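# Coordinate inspection notes
Now for the letters of each chain:
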Amino acid sequence: MRIVICDSAQDATARTAARLVTQVQAKPDSVLGLATGGTMEAVYPHLVAAHRGGLSFANVTSFNLDEYVGLGPDHPQSYAHYMRHHLFDHVDLAPSRYFLPDGLAPPKEASDAYEDLILAHGPIDLQLLGLGHNGHIGFNEPGSSLTSLTREKALSHKTIDANSRFFSSDEAMPHSAVTMGIGTISRGKSIVLLALGDGKAQAVHAMVEGPVSAFCPASALQMHRDVTVFLDPDAAVQLELRDHYLHAETIQRRREAERQP
Ligand code: GLP
């Protein structure tokens, strides 16, 4: 895992977005894995700005991590709506090229169909991830099998508490979602994860320095060959090897600078 402790949340966000931009520049027909959540709301404007600056997404294919069970694409709290609002409506990515699980289909059918679709179009070149307060990725809550495929998962109370802020008080929040599994996510060639704020510090520590365990689903990323974790200083406060990551990153950046023509 490459652990990049950035100077600020803005810096971490910009560097995460830059990875996506570089990926599409280098391979215009990239298959991207995309994520939702509050943290990602600041990432997508960078992609929209890159598009306005000339970057085309016309040949990209994208797969989102998850969708709430019971919410159709026009529901304002659906992740399909979120993605159109933050990204898809502002770039040249045709609706036929972006995919999310179908929140209205029977969950088992929606899950199997989504897994097959990813296999047919994949592998995902670059998978974007956020991090739940309890260490979830996608909606793979603690206890998830570390080799799981796309399926319905019940949301934990912690996740329902965290995400209910997006729903109005008279609106029932779904209690389950169809999510790519940890095995599905792990098939991505490269993974970039963004976590910000001290509320994520404990999960970041467990993900990076804890044992590989279903108790912290994100810890499965320790087994992946190409993961970059972008953090702001607050999200990094519980890392025991914080100084080492900073040191290693200084060397990494020096090597990158040397490779520049
Ligand atoms: C949701 C999403 C995750 C996301 C997480 C963190 O539960 N399913 O993919 O990483 O929220 O969200 P936030 O960035 O709002 O803390």
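Above: the structure in question.
Residues numbered from 1 in each chain as written. Predicted model: local features only at pLDDT ≥ 70, side-chain atom pairs only at ≥ 80, totals over all residues. Heavy atoms only, no water.

As a further point, take the site of the ligand. Close to the ligand lie 15 residues; Gly38, Thr39, Asp66, His136 and Lys200 are nearest. His136 has a polar side-chain atom sitting 2.9 Å from an oxygen atom of the ligand. Protein contacts shield 95% of the accessible area of the ligand, which totals 390 Å² for the unbound molecule. Of the residues in the shell around the ligand, the class split is four nonpolar, eight polar and three charged. (Near = heavy atom within 4 Å. Polar contact = N/O pair within 3.5 Å; in protein donor to acceptor, adjacent residues only side chain to side chain. Areas by Shrake-Rupley, 256 points an atom, 1.4 Å probe, with all protein chains shown as cover. Nonpolar A, V, L, I, M, F, W, Y, C, P; charged D, E, K, R; others polar.)

Okay, the packing of helix α1 (residues 9-26) against helix α2 (residues 44-52) next. Contact geometry for α1 and α2: axes closest at 9 Å, N-to-C directions at 45°. Between α1 and α2, the crossing angle belongs to the class labelled oblique. As for how α1 packs across α2, the hand of that crossing is right-handed. Of the residues in α2, those in contact with Thr13, Ala14, Ala17, Leu20 and Val21 of α1 are His46, Leu47 and Ala50. (Axes fitted to C-alpha atoms, helices over the stretch in contact; angles between N-to-C directions. Helix = DSSP H or I, 4+ residues; strand = E, 2+ residues; numbered from the N terminus. Parallel < 35°, antiparallel > 145°, perpendicular 65-115°, else oblique. Left-handed = near helix turned anticlockwise from the far one by under 90°. Contact = heavy atoms within 4.5 Å.)

On to the sheet that holds strand β4 (residues 66-68), then. The three strands are arranged β4-β8-β7 in an open sheet whose pairing can be described as antiparallel. Pairing within the sheet leaves two strands with one partner each, and these edge strands are β4 and β7 (151-154). Averaged over all neighbouring strand pairs, the angle between strand axes comes to 30°, with direction disregarded. As judged from the three bridges shared by β4 and strand β8 (residues 176-179), these two strands associate in the antiparallel manner. (Pairing = 2+ DSSP bridges.)

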